[in-house]
Amino acid sequence: MLSLVWAECDPLPAGDRGLSYGDGLFETIRVHEQRLLLGDRHLTRLHEGAQRLGIPVARSDLESCLAEALDRYARPGDWVLKLILTRGVGGRGYVPPVPCQPRLILSCHEMPVLPDPAGVSVQLGRHPLAVNPVLAGLKSLNRLDQVMASAELGAGNYEVLMTDGHGHLLEGTRTNLMLRVSGQWLMPPMSSLAVHGVMQAEVKAQLQAAGEVVREQPLDLSLLSHPQLDGVFLMNSVTGIVPVSRIDDRDLPIDGSLATICRPLTSLK
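Residues numbered from 1 in each chain as written. Predicted model: local features only at pLDDT ≥ 70, side-chain atom pairs only at ≥ 80, totals over all residues. Heavy atoms only, no water.

### Quick look at the side chain of Thr163
1) Next: Secondary-structure assignment places Thr163 in strand β7 (residues 159-163).
2) Next: A polar contact is formed between the side chain of Thr163 and the backbone nitrogen of Gly165, at a distance of 3.2 Å.
3) Next: Among residues more than four places away in sequence, those in contact with Thr163 are Pro128, Leu129, His168, Leu169, Leu170 and Leu221. (Helix = DSSP H or I, 4+ residues; strand = E, 2+ residues; numbered from the N terminus. Polar contact = N/O pair within 3.5 Å; in protein donor to acceptor, adjacent residues only side chain to side chain. Contact = heavy atoms within 4.5 Å.)

### Brief notes about unusual backbone geometry
1) Next: With an omega dihedral of -5°, the bond running from Val98 to Pro99 counts as a cis peptide bond.
2) Next: Along the chain, Pro99 falls in the loop between β4 (78-86) and β5 (103-110).
3) Next: Even without being a glycine, Gln34 presents a positive backbone phi close to 65°.
4) Next: Within the secondary structure layout, Gln34 lies in the loop between β2 (24-32) and β3 (35-36).
5) Next: The phi dihedral of Asp248 falls on the positive side, at around 55°, and the residue is not glycine.
6) Next: Within the secondary structure, Asp248 is located in the loop between β14 (240-247) and β15 (250-251).
7) Next: Exposure remark for Asp248: the relative accessible area of 40% places this residue in the partly exposed category. (Buried < 20%, exposed > 50% of the residue type's maximum accessible area, 1.4 Å probe, protein only.)

### Topic: the side chain of Arg143
1) Next: With respect to the secondary-structure elements, Arg143 resides in the loop between β6 (120-124) and α4 (144-150).
2) Next: Apart from the residues lying within four places of it in its own chain, the contact partners of Arg143 are Phe26, Leu138, Ala194 and Val195.

### Quick word on the environment of Ala259
1) Next: Mapped onto the elements of the fold, Ala259 is located in helix α6 (residues 257-261).
2) Next: Looking at Ala259, the relative accessible area reads 67%, which means it is exposed.
3) Next: Separated by 154 residues in the primary sequence, Ala259 and Ile105 have C-alpha atoms spaced 35 Å apart.

### Some words on the packing of helix α2 (residues 39-53) against helix α5 (residues 198-209)
1) Next: Where α2 meets α5, the axes come as close as 10 Å, and the angle between the chain directions of the two elements is 125°. Judged by the angle between their axes, α2 and α5 are oblique. Handedness of the crossing formed by α2 with α5: right-handed. Of the residues in α5, those touching α2 at Arg41, His42 and Arg45 are Val198, Ala201, Glu202 and Ala205.
2) Next: Here the residues of the contact of α2 with α5 are counted per class, giving three nonpolar, one polar and three charged. (Axes fitted to C-alpha atoms, helices over the stretch in contact; angles between N-to-C directions. Parallel < 35°, antiparallel > 145°, perpendicular 65-115°, else oblique. Left-handed = near helix turned anticlockwise from the far one by under 90°. Nonpolar A, V, L, I, M, F, W, Y, C, P; charged D, E, K, R; others polar.)

### Observations regarding the pattern of salt bridges
1) Next: For the structure shown, the criterion picks out 16 salt bridges.
2) Next: Between Arg87 and Asp23 there is a salt bridge, with the nearest N and O atoms lying 2.6 Å from each other. Of this pair, Arg87 sits in the loop between β4 and β5 while Asp23 sits in the loop between α1 (17-21) and β2, placing them 64 residues apart in sequence.
3) Next: You can call Arg87 buried: its relative accessible area is 7%. (Salt bridge = Lys/Arg side-chain N within 4 Å of Asp/Glu carboxyl O.)

### With respect to the sheet that holds β3
1) Next: Pairing is mixed in the open sheet, where five strands are placed in the order β1-β5-β4-β2-β3. Of all strands in the sheet, those with a lone pairing partner are β1 (3-6) and β3, marking the two edges.
2) Next: Sheet analysis places β4 next to β5, joined by eight bridges and oriented antiparallel. Pairing of Trp79 across the sheet is with Glu110, part of β5.
3) Next: Here α2 sits on the sheet and contacts β2, β3 and β4; the angle it forms with β2, its principal contact strand, is near 175°. (Pairing = 2+ DSSP bridges.)

### Re the nonpolar core
If you look at soluble globular proteins, the nonpolar side chains tend to sit buried side by side.
1) Next: In this structure, Leu81, Leu83, Leu85 and Leu104 are the most contacted members of the largest nonpolar core, which totals 24 residues.
2) Next: Elements that contribute at least two residues to this core include exactly β2, α2, α3 (59-72), β4 and β5.
3) Next: Per element, the largest residue contribution to this core is five residues, and it comes from α3.
4) Next: Leu169, Leu179, Leu186 and Leu229 belong to the second largest nonpolar core, which has 19 residues in total. (Core = buried A, V, L, I, M, F, W, Y, C linked by side-chain atoms within 4.5 Å.)

Okay, here's the thing in structure tokens:
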């Protein structure tokens, strides 16, 4: 049975495995006029992630909790709903308790300031991202790589781009990325990503539906100086899509095709 916790008023037991070991998952969903944007993709990722971790939770229970949260936090405009799913209390030791009582922690947050749609400045991070293939793609509570990389963020920059430490771009600390090179859309192999972004999945689907070529391949840093680089784009499900106008001391071309091909985030279900 799923235990529901409202973050603003319910205490969290010190023995919760999400707190002790990062044993859980989270989702951050933008709500627009009381509608969950990309809600089905978020719910699918959370439920499939729980199955991979062996956290027993029914999708129908998650759906009911989301509906309850929308009623509880109802407000006009845009806001952010955060879900944290943990395995629940398990005592000391790594071995998962059997049976367990999963816990869902829900909280409401203000919308962040949206990035400049004309383009943002970013920096390449020094902290490498090492992705365990068994955990690849999971939006787990283990985000220390992103914490360490975010600590590098310089004034005036929107994001820190992370590499695998061997010269390949992977993702931002809070965004996924795509490059447009020689008329094709390039993204890192899904097996190399810490987070399989729901916005990235939606953008890929819309591009392919429009007949565009989308390829997964290692993104060598040399692509940033490729003569046929048309643009670099960052995306997540809260802020949408934003072009990168500058990386470190390098100005980049800005391609406007995503804005014409992809539907606005606020129109998505």
